[in-house]
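Residue strings, one per chain:
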Amino acid sequence: MAPFDSAASSGTSSSGSSSSSSSTVTKPQDIDGLLAGAGYKVRASDLHHVAQRLERLESAMVNSSSEISQLASGTVHYNPSDIASWVDSILSELNQTTSLPSDILDFPDLIPGSNQTAGNVSWTDPCVAAQHQNLSHNQLTVVTAMEEDSGIKLVHMLVTCADSIHRGDFPLAGSLIVEMQSLLSGINTDCGIGKVAGYFIDALTRRVFTPHDTTITTTGYENELLYHHYYEACPYLKFAHFTANQAILEAFDGHDCVHVIDFNLMHGLQWPALIQALALRPGGPPLLRLTGIGPPSSDGRDSLREIGLRLAELARSVNVRFAFRGVSASRLEDVKPWMLQVNPKETVAVNSIMQLHRLLGNNNRSSSAMEMVLGWIRSLNPKIVTVVEQEADHNQTGFLDRFTEALFYYSTMFDSLEACCMMPEKALAEMYLQREICNVVSCEGPARVERHEPLVKWRFRLRQAGFRALHLGSNAFKQASMLLTLFSAEGFSVEENEGCLTLGWHSRPLIAASAWQAAPPPDATANHPFGGTV
């Protein structure tokens, strides 16, 4: 594996210890940003000070109780705003509590006023009960604080490891991975930073120790299963489908023969809602043609045809004339315009839900796959092109920048997933995101297909390819806002961004939807009698 160019400082020791390598990470203010992005309200400059206090607190707690480890399973995620002073206050309370007479704590059956039944002690002395409850609370809180400290260390070490890979220091990266795996064993990995760190450590492990075998191999059925559960568990795909459908429905208004070209049919989850909306259209529904593109089936099934038959049955039940065509292709760039059989009399909509970014890694000397696909899309003269992409920048050349951006993005994504459901779908939805993390972090070259880019870059690219932006109207915004009411979490928000819509979690946009149309040729604008746009 070729080393990456690096602007980071050199001089990292190859000993593998976090203390020797931490000086080569990024600037302190960058670490502060990482900690804030991961949800920790503490500065990097305070870490050594906090660690010393936590060590004192740990010693005090161990001396106070031998059952501290049993409290770990009941911890909850906690974020003290001033962790150093908070630890000091706990130490002070603990010192007061542990000064109680030893006979009171060791022999509860001798306490006046206590009731003992079948070996269970019922505390009736209010002073003693309060002291005992306070001690248990402090023990629980300190276990949580220790886990917080380990989480902060993990964030720091993850970025240090990424920096080592960025500079080509794979021995140091390997030793850091071993150290992180050990640290991870003492953290709750069911939620929070423990879960996210586990996925990123796994991806780094694949990159460092098995660089030629970094892809997660799944069948087409498994891909569809994970996609379906991700769709059910959180609002991101629903937002994409509802927003695109509303834009397509408005573009089809007044047209009697319409054709949708879907770049990723999957289960066909997007199209029942559009079929039903067309059935209710004033003046009657149009003739709807749907061309669904999808990968070849690995198990011999013609899955595209099966999906088409189900959609045809639905269309017949609501009196919508419907025709379906499946196009099997492993990669979008393998699709040719003639395969789509577009009729010049049809009003065409092209729908791309999180697919265009996969074209960014396929370049050759003559042209890129992106230029080729956007070129033939424009040649179809579509009435509308709907594009939904992750609002992230995971296509940067430098590995450290890409890794840091991915750590921010997926920490937020998992935080939102934790908040919006506790259903069985969540575990499989997490596997869907885990595959993305693995591809972003582990893979390079054509194997790295998850090359997400933010809306600002898509705007520039599509305009350069001859498209002009269409404004997603108020109906799309209202529908997206109503969608969020289906989820109990209050952190989701829909924002309008220059005619586009973004769905985010606590002010961080995570997915962006936009609509486009083929712009008139440049000479048409030049020859316009008023010199403006046509």
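Residues numbered from 1 in each chain as written. Predicted model: local features only at pLDDT ≥ 70, side-chain atom pairs only at ≥ 80, totals over all residues. Heavy atoms only, no water.

- Identification of the protein chain as DELLA protein from Cucurbita moschata is taken from an unreviewed UniProt entry.
- The UniProt entry for the protein chain carries the following text under Sequence similarities (unreviewed entry): "Belongs to the GRAS family. DELLA subfamily."
- UniProt lists a comment for the protein chain under the heading Subcellular location (unreviewed entry), and it reads "Nucleus". (UniProt positions renumbered as here; feature names shortened; annotations may be inferred.)

Quick word on the packing of aromatic side chains
And step 1. Here the structure, examined in full by the defined rule, presents nine aromatic pairs.
And step 2. With 4.4 Å between their ring centres and 15° between their planes, Tyr230 and Tyr432 make a pair best called stacked. With Tyr230 in helix H9 (residues 220-233) and Tyr432 in helix H15 (residues 425-442), the pair connects residues that are 202 residues apart, well separated along the chain. Residue Tyr230 shares its accessibility class with Tyr432, and that shared class is buried.
And step 3. Considering the side-chain rings of Phe399 and Phe403, the 6.0 Å spacing of their centres and the 40° angle between planes classify their relative orientation as tilted. A residue pair is termed a helical-turn pair when its members lie 3 or 4 positions apart in one helix, as Phe399 and Phe403 do in helix H14 (residues 399-420) at four residues.
And step 4. Among the residues examined, Phe403 registers a relative accessible area of 1% and is labelled buried.
And step 5. Three or more aromatic residues link up through ring pairs in this structure, and these residues are Phe200, Phe399 and Phe403.
And step 6. Cation over ring: Arg207 sits above Phe399, and NZ or CZ is 4.3 Å from the ring centre. (Phe/Tyr/Trp six-rings, centres within 6.5 Å; stacked < 30°, edge-to-face > 60°. Helix = DSSP H or I, 4+ residues; strand = E, 2+ residues; numbered from the N terminus. Buried < 20%, exposed > 50% of the residue type's maximum accessible area, 1.4 Å probe, protein only. Lys NZ or Arg CZ within 6 Å of the ring centre and 35° of its normal.)

Topic: the side chain of Lys426
And step 1. As for its placement among the helices and strands, Lys426 is situated in helix H15.
And step 2. Under the relative-accessibility criterion, Lys426 is labelled buried at 11%.
And step 3. Among the polar contacts listed, one links the side chain of Lys426 to the side chain of Glu418, at a separation of 3.4 Å. (Polar contact = N/O pair within 3.5 Å; in protein donor to acceptor, adjacent residues only side chain to side chain.)

Here we look at the packing of H14 against H15
And step 1. Interhelical geometry of H14 versus H15 gives an angle of 175° and a closest axis separation of 10 Å. Taken together, the axes of H14 and H15 lie roughly antiparallel to each other. Taken together, the residues of H15 that come into contact with H14 (itself represented by Phe399, Arg402, Phe403, Ala406, Tyr410, Met413, Phe414, Leu417 and Glu418) are Lys426, Ala429, Glu430, Leu433, Glu436, Ile437, Val440 and Val441.
And step 2. Broken down by class, the residue content of the contact of H14 with H15 amounts to 12 nonpolar, no polar and five charged. (Axes fitted to C-alpha atoms, helices over the stretch in contact; angles between N-to-C directions. Parallel < 35°, antiparallel > 145°, perpendicular 65-115°, else oblique. Contact = heavy atoms within 4.5 Å. Nonpolar A, V, L, I, M, F, W, Y, C, P; charged D, E, K, R; others polar.)

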